[in-house]
Amino acid sequence: RKEVEQDPGPFNVPEGATVAFNCTYSNSASQSFFWYRQDCRKEPKLLMSVYSSGNEDGRFTAQLNRASQYISLLIRDSKLSDSATYLCVVSNTGTASKLTFGTGTRLQVTL
Amino acid sequence: EAGVAQSPRYKIIEKRQSVAFWCNPISGHATLYWYQQILGQGPKLLIQFQNNGVVDDSQLPKDRFSAERLKGVDSTLKIQPAKLEDSAVYLCASSSHGRVRPTNEKLFFGSGTQLSVL
């Protein structure tokens, strides 16, 4: 089983739609969780951290379910500029903090 | 604030040749990472440095890959000899978190080096 699993998509949605991405992780000792965004042929950039209580940043909402080892990202009122790959990232801390990336979910927002 | 600098931007080599990539992290960032991203996949950690020490190189193919960060600042990643399956984007990232780990590590990535092995 992969450490971090995501549906690769692509998700094709019209502008204004609400879309949700899911991510599961295998290591129950994982402590920190993030969503990164990667545009085509660009480097990944941090979109938001994911907290146990859930957190919101504008149109973006991230949630964590530790019992199910599940992370989600909800995007409301999708914009054309939201088209990108969304990477789920899990941090496993031991002797050193290690961030493991999922394969990413590709989103294409259309007119 | 200057970002993470990487060079070259692109590199095309033949299999069995050698290649080296260079990375200069954001000033003051103690932790430096090299990731390999194959087309259609997420970044895979190759090696992680804390200052000039290696803290994780468990996924580095040590028979052909090597990396160093001698002075705890910039770093080089070398492949010798290259194989076709090494074709990928090599991303360098840095972060400011140290041994006392906050719960909110933010990685800053460079633009990457796109390697094509023919």
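Residues numbered from 1 in each chain as written. Chains lettered and ligands numbered in written order. Predicted model: local features only at pLDDT ≥ 70, side-chain atom pairs only at ≥ 80, totals over all residues. Heavy atoms only, no water.

Caption draft 1: Broad picture of the overall build of chain A. Along its length, chain A carries zero helices and 11 strands. Seen in sequence order, chain A has helices and strands lined up from the N terminus as β-β-β-β-β-β-β-β-β-β-β. Relative to the 2.2 N^0.38 estimate, which gives 13 Å for 111 residues, the radius of gyration of chain A is 14 Å and therefore close to what a compact globule would have. Expressed as lengths along the three principal axes of its C-alpha atoms, the size of chain A is roughly 45 × 30 × 20 Å. Expressed as a percentage of the 111 residues in chain A, the buried residues total 49%. (Helix = DSSP H or I, 4+ residues; strand = E, 2+ residues; numbered from the N terminus. Rg over C-alpha atoms; globule rule 2.2 N^0.38 Å. Buried < 20%, exposed > 50% of the residue type's maximum accessible area, 1.4 Å probe, protein only.)

Caption draft 2: Quick look at the overall build of chain B. When you go through chain B residue by residue, the secondary structure sums to zero helices and 11 strands. Mapped in sequence order, the helices and strands of chain B form the string β-β-β-β-β-β-β-β-β-β-β. Whereas a compact globule of 118 residues would reach a radius of gyration of roughly 13 Å, chain B reaches 14 Å, a difference of no more than 12%. Seen along its three principal axes, the alpha-carbon backbone of chain B occupies a region of about 40 × 30 × 25 Å. Counting only residues that meet the buried cut, chain B has 45% of its 118 residues in that class. Pairs at least 24 apart in sequence give 55% of the contacts found in chain B among residues at least 6 apart. When the accessible surface of chain B is totalled, it reaches about 5,900 Å², and 49% of it is carbon and sulfur. Treating the 14 positive side-chain charges of chain B as one cloud and the 10 negative ones as another, the clouds have centres 1 Å apart. (Contact = heavy atoms within 4.5 Å. Areas by Shrake-Rupley, 256 points an atom, 1.4 Å probe, with all protein chains shown as cover. Lys, Arg positive; Asp, Glu negative; His and termini not counted. Charge placed at Lys NZ, Arg CZ, Asp CG, Glu CD.)

Caption draft 3: Highlighting the packing of aromatic side chains. Tallying each qualifying case throughout the model produces 11 aromatic pairs over all chains. Taking 5.2 Å as the distance between ring centres and 80° as the angle between the ring planes, the aromatic pair formed by A:Phe101 and B:Tyr35 counts as edge-to-face. On the criterion of chain membership, the pair formed by A:Phe101 in strand E10 (residues 97-101) and B:Tyr35 in strand E4 (residues 31-37) is interchain, its members lying in two chains. Among the residues examined, A:Phe101 registers a relative accessible area of 8% and is labelled buried. Every member of this aromatic cluster is reached through a ring pair, and the members are A:Tyr36, A:Phe101, B:Tyr33, B:Tyr35 and B:Phe109. The ring of B:Tyr10 is capped by B:Arg9, whose NZ or CZ atom sits 5.2 Å from the centre of that ring. (Phe/Tyr/Trp six-rings, centres within 6.5 Å; stacked < 30°, edge-to-face > 60°. Lys NZ or Arg CZ within 6 Å of the ring centre and 35° of its normal.)

Caption draft 4: Examining the pattern of salt bridges more closely. Residues and elements named next belong to chain A. A complete count under the given rule lists six salt bridges over all chains for this structure. Among the salt bridges present, the one from Asp39 reaches Arg37, with a minimum N-O distance of 2.8 Å. For Asp39, a relative accessible area of 30% translates into the label partly exposed. We note a salt bridge from Lys79 to Asp77, for which the minimum N-O separation is 2.9 Å. By relative accessible area, Lys79 is classed as partly exposed at 31%. (Salt bridge = Lys/Arg side-chain N within 4 Å of Asp/Glu carboxyl O.)

Caption draft 5: Representation of unusual backbone geometry within the structure. With an omega dihedral of -10°, the bond running from B:Ser7 to B:Pro8 counts as a cis peptide bond. Examined against the element boundaries, B:Pro8 turns out to sit in the loop between strand E1 (5-7) and strand E2 (10-13). In this chain, B:Gln80 is followed by B:Pro81 through a cis amide linkage whose omega measures -5°. Within the secondary structure, B:Pro81 is located in the loop between strand E8 (75-79) and strand E9 (88-95). Even without being a glycine, A:Arg41 presents a positive backbone phi close to 65°.

Caption draft 6: Region of interest: the confidence of the model for chain B. The predicted model of chain B has a mean per-residue pLDDT of 91, with 92% of residues at 70 or higher. pLDDT under 50 marks residues 99-103 of chain B. Its contacts with residues more than four places away, or in other chains, come to 11 contacts. (pLDDT = per-residue confidence, 0-100.)

Caption draft 7: A look at the sheet that holds strand E1 (residues 4-6) of chain A. Residues and elements named next belong to chain A. Strand order in the open sheet formed by five strands is E1-E3-E8-E7-E6, and the pairing between neighbours is antiparallel. Bordering the open sheet on either side are E1 and strand E6 (55-57), each of which pairs with just one other strand. Sheet twist, expressed as the mean angle between neighbouring strand axes with direction ignored, is 20°. Direction of pairing for strand E3 (residues 19-25) relative to strand E8 (residues 70-75): antiparallel, over a ladder of six bridges. Within E8, the position partnered with Val19 by the bridge is Ile75. (Pairing = 2+ DSSP bridges. Axes fitted to C-alpha atoms, helices over the stretch in contact; angles between N-to-C directions.)

Caption draft 8: Looking closely at the environment of B:Asn51. Residue and element names in this part refer to chain B. Tracing the chain through its elements places Asn51 in the loop between strand E5 (44-50) and strand E6 (53-56). Taking relative accessible area as the criterion, Asn51 reaches 40% and is therefore assigned partly exposed. Linking Asn51 and Thr31, residues 20 residues apart in sequence, is a C-alpha distance of 6.1 Å. Contacts of Asn51, omitting those with residues within four sequence positions, involve Ala30, Arg69 and Gly72.

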